[in-house]
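# Geometric and topological summary
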Amino acid sequence: MSAGDTTLRVRPAGPQDAPGIVAVHQSGVSQWFRYRSDGTRIPARLEDLGPADRYRNGGPFMAIECALPHLRRLLSSGQLAFVAETDTEEIVGELELYIGRESDWGRTAHIDMLEVHPHYRRRGAGKALVAAAMDLGKERRTDRLSTNAEKTAIRFYQRCGLEETLARVRGGSVATDAVPPGRENTVAPGKIETYRPLEHRRMILGRLQSSFAEWIKRREPIPGITDQLKSEEGWVEELDAYYRIEESVLEPGVAWLQSWTSVPGRVREILLALINRARELGFVRVRTVVDRNALQALAGLPIVWGEEYIFLGRRLR
Ligand SMILES: CC(C)(COP(=O)(O)OP(=O)(O)OC[C@H]1O[C@@H](n2cnc3c(N)ncnc32)[C@H](O)[C@@H]1OP(=O)(O)O)[C@@H](O)C(=O)NCCC(=O)NCCS
């Protein structure tokens, strides 16, 4: 592909590419912030922020100290990253791809992260990265390519052929003491070591990326950052729901909820059980996302609803 006077090419990424990838992701941030312990933030300069503060501005690729363990973990678990680079080997774009089974979309190649350096946008780099993801998805015999598309990137993904709307999910949050403790459900804390028990269950809470990506990304927390967060995993046995409750990286005292179940129709009871559990663990508020089709089942709960996200996809076979 040609970008002005330079030619761009796409290739699989390795750990040695971490500094170049960090530079691309940092270039996309127009204002950096320092997050305070009360959850508020103040403008800051990149050079004044340590790795944890940088991470809070947009995830592992905001700091080399986090990017390297993140990339190693991604590649060693069989997932992939691609970079777009110039003919002078400057990295100008990156895409991360997770390959796993979704209970509703089949075997899926999921684009979890895509960024092109602002100076190199609208020159075909993004489309070439998505084309590489598509080729790999076909090679690995996946049923679909999918992504959670930012509102500003919907047209771009449609231009890349992701024209199927797979799901719409809505963010919501609720104070744990706004929900009265209900009938007790038996919560059995404990880790599940493989994705196998979850791949045929529906991820009904907290699916911001593919269910598989959400699962695998939390297997090995980033040292010094996400491993410091309070979390619990386990089963709500009566509701056949596996859950994960994890302290927010931005808001201490606030928990992010995730759940997978074989009985998605019981989303209300599952959410109430997890709010109760989060309160027992000391969290004052919980956040999650829920499929738009499930909102009716949650009517009447004191949830503050927020942004909607759209999953786009394309059949690969
Ligand atoms: C979205 C993004 C990856 C696109 O990368 P890019 O290299 O600029 O895109 P391309 O040049 O390959 O564009 C491919 C097609 O999409 C179109 N397109 C690209 N960005 C677009 C936009 N913002 N709005 C409408 N169309 C767009 C192009 O015109 C092109 O159309 P064509 O096939 O008819 O020529 C890039 O803008 C970016 O990094 N944005 C910030 C991060 C982001 O939003 N990532 C996606 C997260 S879900």
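Residues numbered from 1 in each chain as written. Predicted model: local features only at pLDDT ≥ 70, side-chain atom pairs only at ≥ 80, totals over all residues. Heavy atoms only, no water.

## Details of the side chain of Glu214
Selection rule: Strands are runs of DSSP state E lasting at least two residues, helices are runs of H or I lasting at least four, and both sets are numbered from the N terminus onward. Polar contact is defined as a pair of N or O atoms within 3.5 Å, subject to the rule that within protein one atom must be able to donate a hydrogen and the other to accept it, and that residues adjacent in sequence are counted only when both atoms are side-chain atoms.
By secondary structure assignment, the location of Glu214 is in helix α6 (residues 211-217). Reaching out from Glu214, the side chain makes a polar contact with the side chain of Arg218 at a distance of 2.8 Å. Side-chain polar atoms of Glu214 contact the side chain of Gln258, separated by 3.1 Å.

## Quick notes on empty space enclosed by the protein
What counts, and what does not: Two kinds of site are reported from a 1 Å grid over the protein atoms alone, namely cavities, where a 1.4 Å probe fits but cannot get out, and pockets, open sets with protein on both sides within 12 Å along at least five of seven lines, and residues are called lining when an atom falls within 4 Å of a point. Grid points are joined across faces, edges and corners, and a volume is the space filled by probe spheres set on the points. Under the convention adopted here, Pro, Cys and the residues Ala, Val, Leu, Ile, Met, Phe, Trp and Tyr are nonpolar, Asp, Glu, Lys and Arg are charged, and Gly plus all remaining residues are polar.
Taken as a whole, this structure holds one cavity of 30 Å³ or more when the rule is applied. Here the largest cavity defines a volume of roughly 50 Å³. Lining the largest cavity are Gly172, Ser173, Val174, Leu271, Val286, Arg287, Thr288, Val290, Ile303 and Trp305. Here the lining of the largest cavity is built from residues that sort into six nonpolar, three polar and one charged.

## Section: the environment of Ile270
Applied cut-off: Type-normalised accessible area, obtained with a 1.4 Å probe on protein chains alone, sets the label of each residue: buried when under 20%, exposed when over 50%, and partly exposed for intermediate values. Residues are treated as being in contact if the distance between any of their heavy atoms lies within 4.5 Å.
For Ile270, the location among the structural elements is in helix α7 (residues 267-280). For Ile270, a relative accessible area of 0% gives the class buried. Aside from chain neighbours lying at most four places away, what touches Ile270 is Ile204, Leu205, Leu239, Ala241, Ser259, Thr261 and Val263.

## Considerations on the pattern of salt bridges
So the rule is basically this: Salt bridges are counted wherever a side-chain nitrogen of Lys or Arg sits within 4 Å of a carboxyl oxygen of Asp or Glu.
Applying the stated rule across the entire model yields 29 salt bridges. In this structure, the salt-bridge partner of Arg218 is Glu214, at a minimum N-O distance of 2.8 Å. Between Arg244 and Glu246 there is a salt bridge, with its nearest N and O atoms 2.8 Å apart. Residue classification places Arg244 among the buried residues on the basis of a relative accessible area of 5%. Linked by salt bridges that have partners in common, Lys191, Glu214, Arg218, Arg219, Glu233, Arg244 and Glu246 make up one network.

## Overview of the site of the ligand
Convention followed: Here a residue counts as near a molecule or strand whenever at least one of its heavy atoms sits within 4 Å of it. For the area figures, the Shrake-Rupley method with a 1.4 Å probe applies, and any residue is considered shielded solely by the protein chains shown.
Looking at the ligand, there are 18 residues lining it, with Arg122, Gly124, Gly126, Lys127 and Arg159 nearest. One nitrogen or oxygen atom from the main chain of Gly126 is found 2.7 Å from an oxygen atom belonging to the ligand. A total of 910 Å² of accessible area belongs to the ligand in isolation, and the protein chains cover 75% of it. Of all the secondary structure elements, the ones that give two or more residues to the shell around the ligand are β8 (106-116), α4 (125-139) and α5 (154-159). Per-element accounting of the shell around the ligand gives the leading share, four residues, to α5. A breakdown of the residues in the shell around the ligand according to their chemical character gives six nonpolar, four polar and eight charged.

## Focus on the pairing of strand β17 (residues 304-315)
Successive residues of a regular strand alternate their side chains across the two faces of the sheet. For clarity, the threshold we go by: Paired strands, in this sense, are two strands between which DSSP finds at least two bridges.
With six bridges joining them, strand β9 (residues 144-149) and β17 adopt antiparallel strand pairing. The residue bridging Asn148 from the neighbouring strand is Phe311, located in β17.

## Structural notes on unusual backbone geometry
Positive phi outside glycine occurs at Glu89, with the angle close to 65 degrees. A positive phi angle is found at Arg141, which is not glycine, with a value near 55 degrees. With respect to the element layout, Arg141 can be found in the loop between α4 and β9.

## Here we look at the packing of helix α1 (residues 18-27) against helix α3 (residues 64-76)
In helix packing, the relevant descriptors are the interaxial angle and the interaxial distance, both defined with respect to the helix axes. The criterion, for reference: Helix axes are fitted only over the stretch in contact, all axes being lines through C-alpha atoms; the angle between N-to-C directions runs from 0 to 180 degrees. Every angle not falling under 35 degrees, over 145, or within 65 to 115 is termed oblique; those three ranges are roughly parallel, roughly antiparallel and roughly perpendicular. Handedness of a crossing follows from how the near helix is turned relative to the far one, being left-handed for an anticlockwise turn of less than a right angle and right-handed for a clockwise one.
Packing of α1 against α3 brings their axes to within 9 Å, and their N-to-C directions diverge by 120 degrees. With respect to α3, the axis of α1 lies oblique. The handedness of the crossing between α1 and α3 is right-handed. On α3, the residues touching Ala18, Pro19, Ile21 and Val22 of α1 are Ile64, Ala67, Leu68 and Leu71.

## Let's talk about the layout of surface pockets
Put simply, the second largest pocket is a space of about 270 Å³. Looking at the second largest pocket, it is lined by 20 residues, and the ones nearest its centre are Arg202, Ile204, Asp291, Asn293 and Ala294. Elements represented by at least two residues in the lining of the second largest pocket include exactly β10 (164-175), β12 (202-205) and β16 (285-291). When the residues that make up the lining of the second largest pocket are grouped by side-chain class, the tally is 13 nonpolar, three polar and four charged.

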